[in-house]
Amino acid sequence: MATSARPALATGVAEMDGRLGHGGIATDAVHDVAAASPSLSDDAAATLFVAGLVARLARAREGGQVLWALTRFDLYAPGLEQAGLAANMLLFAQGKDDAEVLAVAEDGLREGAMAVVVAEVKRANMVATRRLQLAASEGGVPVVILRRWRKAASCPLAEPSAAVTRWRIGSAPSARLGLPGVGRACWQVELVRQRGGEPFSLVLEACDGEGCLALSAAARDRAAAQERAAARAA
């Protein structure tokens, strides 16, 4: 249940929205996202989670343009599109280092034409995230900081941040199919910290072509079993 009147966009996953302190993703705030580990599979999961998230946020606004600032262009456009983020929605900006990327992101927030801003960095300290939070709040535009791993033993989320939510995303086993083949990708989605709510963790099916997440088949089965057990107990 929402605990604040802060503007937010529902994810469409009831099990997630019900646990988010604002009833969805705050649309005037900073959000941190990091991979659960430096592995390629977890890094891809975190990147596609961000792509789907910003695609939904962008579609909720007129114009729907996303500014993605980064130091090295290594994104795979077809993969982003499969997560709902089409090429015509994207404007890339490349900076020489993290400080320049964060400055570009702040300029993008204050310029007012962007629906969402993404800053892909390895480091963003408390001062930088506070500046971004102030710009996001003043402009009513969300910013997602995709924090890349610097060292194998140092989680990017260990660095203090002014972000309203902080997410850790990892790959999870796909649901089994009734025939040979690979099922829809699944992610371990962990909300490490949030303002106005408690942390939680869910296994979700990866974003579809509209950027929508879904509760995994196994989790749906467990929820249904719990409901049936509660009904019998009543």
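In this text the structure is predicted, and so the values were computed from the model without any measurement.

Calculation criteria
Residues numbered from 1 in each chain as written. Predicted model: local features only at pLDDT ≥ 70, side-chain atom pairs only at ≥ 80, totals over all residues. Heavy atoms only, no water. Helix = DSSP H or I, 4+ residues; strand = E, 2+ residues; numbered from the N terminus. Buried < 20%, exposed > 50% of the residue type's maximum accessible area, 1.4 Å probe, protein only. Contact = heavy atoms within 4.5 Å. Pairing = 2+ DSSP bridges. 1 Å grid on protein atoms, 1.4 Å probe; cavity = no way out; pocket = protein on both sides within 12 Å on 5 of 7 lines; lining within 4 Å. Points joined across faces, edges and corners; volume = space filled by probe spheres on them.

Overview of the overall build of the protein chain
Scanning the protein chain from terminus to terminus reveals six helices and eleven strands. Burial status across the protein chain gives 48% buried among its 234 residues. Of the contacts made within the protein chain by residues no fewer than 6 positions apart, 62% connect residues no fewer than 24 positions apart.

Describing the sheet that holds strand 7 (residues 143-147)
The nine strands lie next to each other as 5-4-6-7-3-8-9-10-11, forming an open sheet whose pairing is mixed. In the strand order of this sheet, the two ends are held by strand 5 (90-94) and strand 11 (214-215), each with one partner. Summarising the sheet, strand 9 (residues 186-194) and strand 10 (residues 200-205) pair through six bridges and their orientation is antiparallel. Residue pairing across strands places Trp187 opposite Leu204, the latter belonging to strand 10.

Considerations on the layout of surface pockets
Considering only enclosed or pocket space, the largest pocket measures out at about 450 Å³ in volume. Residue lining of the largest pocket: 19 residues in total, with Asp43, Arg72, Asp74, Glu120 and Arg148 positioned closest to the centre. Of all the secondary-structure elements, those providing two or more residues to the lining of the largest pocket are helix 2 (40-59), helix 3 (77-82) and strand 6 (116-121). The greatest single-element share of the lining of the largest pocket, amounting to five residues, is contributed by helix 2.

Remarks on the environment of Ala152
Tracing the chain through its elements places Ala152 in the loop between strand 7 and strand 8 (165-172). Counting along the chain gives 115 residues from Ala152 to Ser37, while the straight-line C-alpha distance between them is 7.6 Å.

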